[in-house]
Amino acid sequence: MLKIQEIPTTERHLFREHFDDAYYRDPHIDQVYQHRLRYFGIFLEGQLAGGFAVYEGGKGPLKTWITPPFYPHIGLFVLRSEITVDKLLLQLTAFARSQYVCYLKWDLPIAFHSSNLPAHWHERWTYRLHLRQSESSLIKNIHPTIKSSHQKAIKQGCTFVADTQKHEVMALIRSNLDQKNVRYKGQLLDQLQTYYSEHPKAHYFSTFLGNQRIACNIIYVDNGIAYHLFSAFDRSLALNYANAAHLLGTLLYLKENFSDIHTFDFEGSTVPSIDFYFKRFGGIQCKYPSMYYSRLPLFFKAP
């Protein structure tokens, strides 16, 4: 019988070592998330068999547990091979429904995909691209419109650089979030900017047209996988090639300069327009389970 229990603060330093992601193994991440991360162990016959982390938000009776903002998943790991994915999902569902929480949104790592999802779970996906193929093979599988944008940027004299002006990169990212009316926690984004700007595995890239930064992104690398966490382009310039050209430039740059990176994860969205855009880069669709569960009163729910 599986049992899920919260890990006491005094035991987190030992529990943290079991995560597959360096992100959650880093003790500094608690401060980044303003000490709102909660860690849960999965136990089998009294022995630690897995675990995960969630971000606690909300106030009073409107408490929420969600995937830590700006990260792809809750870091779920399993240490015992006899624990099947289907049993694990059922146990996570039972645990979630037993808690005094009004809203949950948990995204799991790709390894926990199942074709038999229980109630409250939904299938979502990202795209992943193998970077250890030849450049000609990589280019061959990219849609002609993306390649055309990249060639146009080159003809216009655009330059792709590893950007040291990290605060200016984040300023453009914030500008895009505001222009799209995306709701985000400003103080948390500030904390993450400080964290990533000092992190040896976080890389900032920009494309310039002359002295103007026309597109940028932040890539975080863990276990040979480059995660596309943030991106933006200068919407005021109306350069319809900038975003696609920059992302293809990123793929080619990582392939050429980072031998330790074998996979690029687009961190895509199931929003149709974003999904359509990312799959044009030739990656493989990789599905993962996502649990959505809400007890919010109707007047709090989105229409």
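Our structure is the block above this text.
Residues numbered from 1 in each chain as written. Predicted model: local features only at pLDDT ≥ 70, side-chain atom pairs only at ≥ 80, totals over all residues. Heavy atoms only, no water.

## Some remarks on the packing of aromatic side chains
- Going through the model one piece at a time under the given rule, you end up with 33 aromatic pairs.
- Measuring from centroid to centroid gives 5.4 Å for F160 and Y253, while their planes differ by 45°, and the two rings are tilted. In this pair, F160 is assigned in strand β8 (residues 159-162) and Y253 in helix α9 (residues 242-257), connecting sequence segments 93 residues apart.
- What makes Y253 partly exposed here is its relative accessible area of 26%.
- Where Y277 meets F281, the ring centres are 5.4 Å apart and the plane angle is 85°; that geometry is what we call edge-to-face.
- According to the relative accessible area criterion, F281 is buried, its value standing at 0%. (Phe/Tyr/Trp six-rings, centres within 6.5 Å; stacked < 30°, edge-to-face > 60°. Helix = DSSP H or I, 4+ residues; strand = E, 2+ residues; numbered from the N terminus. Buried < 20%, exposed > 50% of the residue type's maximum accessible area, 1.4 Å probe, protein only.)

## Some points on helix α7 (residues 166-179)
- The end-to-end C-alpha separation of α7 is 20 Å, in line with the 20 Å expected for 14 residues at 1.5 Å each.
- Within the span of α7, buried status applies to V169, M170, L172, I173, R174, N176 and L177.
- Residues of α7 that are buried sit in contact with α8 (186-197), β9 (202-209), β10 (212-222) and β11 (225-233).
- Within two residues after α7, N181 carries a phi angle of roughly 60°, on the positive side. (Expected span 1.5 Å × (residues − 1). Contact = heavy atoms within 4.5 Å.)

## Some details on the packing of α7 against α8
- Their axes nearest at 11 Å, the elements α7 and α8 cross at an angle of 150°. When the axes of α7 and α8 are compared, the pair comes out roughly antiparallel. For α7 against α8, the interelement crossing comes out right-handed. Where α7 approaches α8, its residues K166, H167, M170, R174 and L177 are matched on the opposing element by G186, L189, D190, Q193 and S197.
- Per-class residue counts for the contact of α7 with α8 are 3 nonpolar, 4 polar and 3 charged. (Axes fitted to C-alpha atoms, helices over the stretch in contact; angles between N-to-C directions. Parallel < 35°, antiparallel > 145°, perpendicular 65-115°, else oblique. Left-handed = near helix turned anticlockwise from the far one by under 90°. Nonpolar A, V, L, I, M, F, W, Y, C, P; charged D, E, K, R; others polar.)

## Notes on the environment of A153
- As for its position among the elements, A153 is in helix α6 (residues 144-155).
- The exposure class assigned to A153 is buried, which follows from its relative accessible area of 6%.
- For A153 and Y220, which are 67 residues apart along the polypeptide, the C-alpha to C-alpha distance reads 25 Å.
- The residues contacting A153, other than those within four sequence positions of it, are C158, Y241 and A245.

## Quick word on the pattern of salt bridges
- Summed over all chains, the structure comprises 11 salt bridges.
- In this structure, the salt-bridge partner of D30 is R16, at a minimum N-O distance of 2.6 Å. Of this pair, D30 sits in helix α3 (residues 29-32) while R16 sits in the loop between α1 (12-15) and α2 (22-25), and the two are 14 residues apart along the sequence.
- By relative accessible area, which is 7% here, R16 ends up buried. (Salt bridge = Lys/Arg side-chain N within 4 Å of Asp/Glu carboxyl O.)

## Side note on the side chain of R16
- Within the structure, R16 has its side chain in polar contact with the side chain of Y39 (distance 3.0 Å).
- What R16 contacts, discounting residues up to four positions off in sequence, is Y24, R25, D26, P27, I29, D30 and Y39. (Polar contact = N/O pair within 3.5 Å; in protein donor to acceptor, adjacent residues only side chain to side chain.)

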